[in-house]
Amino acid sequence: MNSIIKEASFVTSDLDLMKHLITLCYVGLLSAALMPAQGRDQLTLRLVQTIPLPGVSGRLDHMAVDLEKNRLFVAAVANGTMEVLDLDAGKIINSIPGIKDTQDAIFLGGQFNKLYVSSLDGTLRIFQGETFRLIQALKLEPDPNRLLYDPATDLIYFGYGGQNAGFDAYERVGILQAKRGAQSDRFVADMIAPTYRPGHLAEMALEDDGKLLACDSRADMIFQFDTRKRELLKSWQAHGDGAGDMALDRARHRLFVGTRIPAEITVYDSLSGKEIVSLPGPETMDGVYYDAEKKRIYMSGGRWYGTPQASPGWVYVYQQQGADHYELVSKIMTRPGSGTSLFVPELKRLYVASQAIGDQEASILAFEPVP
């Protein structure tokens, strides 16, 4: 009788143990399903260089690269300067002063040898590429922002003249004819972008057939222009607020637009404007780039707006599985105040501008894509 009781107790214990194990397995599976994406991160970016920016304070904005001399140009908004970095030496080699609210830059090498710098005060400045002597200053309406160069036509496009210029219902995309050497560049035309509320034109991208795409970070619209006829073809409402940065996959006609509220990236058909998919993105986004070689999208966030607690800095990496399929595969931590970025495919580098906050010195963080 005792042996029967003992056997029964063993059976009961085994059943309890089995139930416990099944419960643990279920909880484990559920936890895995709910685990945040960084728990399954792929190694997609590796920090390979940190370039200090001593004495540079305040917000850092957009960057440009000189591939011939391996230089990086960084817009130091609060400093009113354009910082010039030697990427090989890893240090600042020059600082161009006197630029109020520096926004963006492009460098044209070769026979051009010119640096173009936009600023919100309504001036597009052109500097000689070695001495950085100011050779031309084009006075425009306020708000010149992003710059885009078309090597097929030697035209430079830039958005300006929105809410900051006092216009509530429209803004413009200006067109500048770049000239080689000592010749003066020439403003040739602009294209009107009508808005239903005050706007601010931000990032632009160019299709192979001459269609120009521009996003508005205040009116939250996307515009499509025909640059040959110099007219607006269509516009559509962006998904979310703060649609300020974007990138283009020309081969598949896919447009990637980052928004700040909600923190997302949305994929559109760049020809029709059809929305494909939206995925979560980093807070206070300020950079979106497409890596055609690896079929990845890099989206940086962490821009600081002077709040008591700065947003943590991140780069989100999305893998393109096809024209309509994308996956968030990696979240790379950078530093607080590190929103703006620049991807240079020729150098295989993603540069992230990290501003000075407290004891944190301003720096440029250079990441290398990992296969």
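Refer to the structure above for everything that follows.
Residues numbered from 1 in each chain as written. Predicted model: local features only at pLDDT ≥ 70, side-chain atom pairs only at ≥ 80, totals over all residues. Heavy atoms only, no water.

A look at the packing of aromatic side chains
Then, in step 1: In this structure the tally under the stated criterion is 11 aromatic pairs.
Then, in step 2: Judged by centre distance (6.1 Å) and plane angle (50°), the ring pair of Trp 236 and Tyr 268 falls under tilted. Here the residue Trp 236 occupies a position in strand β17 (residues 231-237), and Tyr 268 occupies one in strand β20 (residues 264-269), the gap between them amounting to 32 residues.
Then, in step 3: Judged by centre distance (5.6 Å) and plane angle (75°), the ring pair of Phe 256 and Tyr 326 falls under edge-to-face. Taken together, the residues span a long stretch of sequence, with Phe 256 in strand β19 (residues 254-259) and Tyr 326 in strand β25 (residues 325-333) at a distance of 70 residues.
Then, in step 4: What makes Phe 256 buried here is its relative accessible area of 0%. (Phe/Tyr/Trp six-rings, centres within 6.5 Å; stacked < 30°, edge-to-face > 60°. Helix = DSSP H or I, 4+ residues; strand = E, 2+ residues; numbered from the N terminus. Buried < 20%, exposed > 50% of the residue type's maximum accessible area, 1.4 Å probe, protein only.)

Considering the nonpolar core
Nonpolar side chains in soluble globular proteins tend to end up buried together.
Then, in step 1: Counting 30 residues, the largest nonpolar core has Leu 45, Met 63, Leu 72, Val 315, Leu 350, Tyr 351 and Ile 364 as its most contacted members.
Then, in step 2: Where this core is concerned, the elements lending two or more residues are β1 (45-52), β2 (60-66), β3 (71-76), β24 (314-322), β25, β26 (341-344), β27 (349-354) and β28 (363-369).
Then, in step 3: Leu 155, Ile 175, Met 191 and Ala 193 belong to the second largest nonpolar core, which has 17 residues in total. (Core = buried A, V, L, I, M, F, W, Y, C linked by side-chain atoms within 4.5 Å.)

Quick notes on the sheet that holds strand β5 (residues 91-96)
Then, in step 1: Strands sit in the order β2-β3-β4-β5 across an open sheet of four strands; the sheet is antiparallel. On the outer flanks of this sheet lie β2 and β5, each paired with one strand and no other. The sheet shows a mean angle of 25° between the axes of neighbouring strands, direction not considered. (Pairing = 2+ DSSP bridges. Axes fitted to C-alpha atoms, helices over the stretch in contact; angles between N-to-C directions.)

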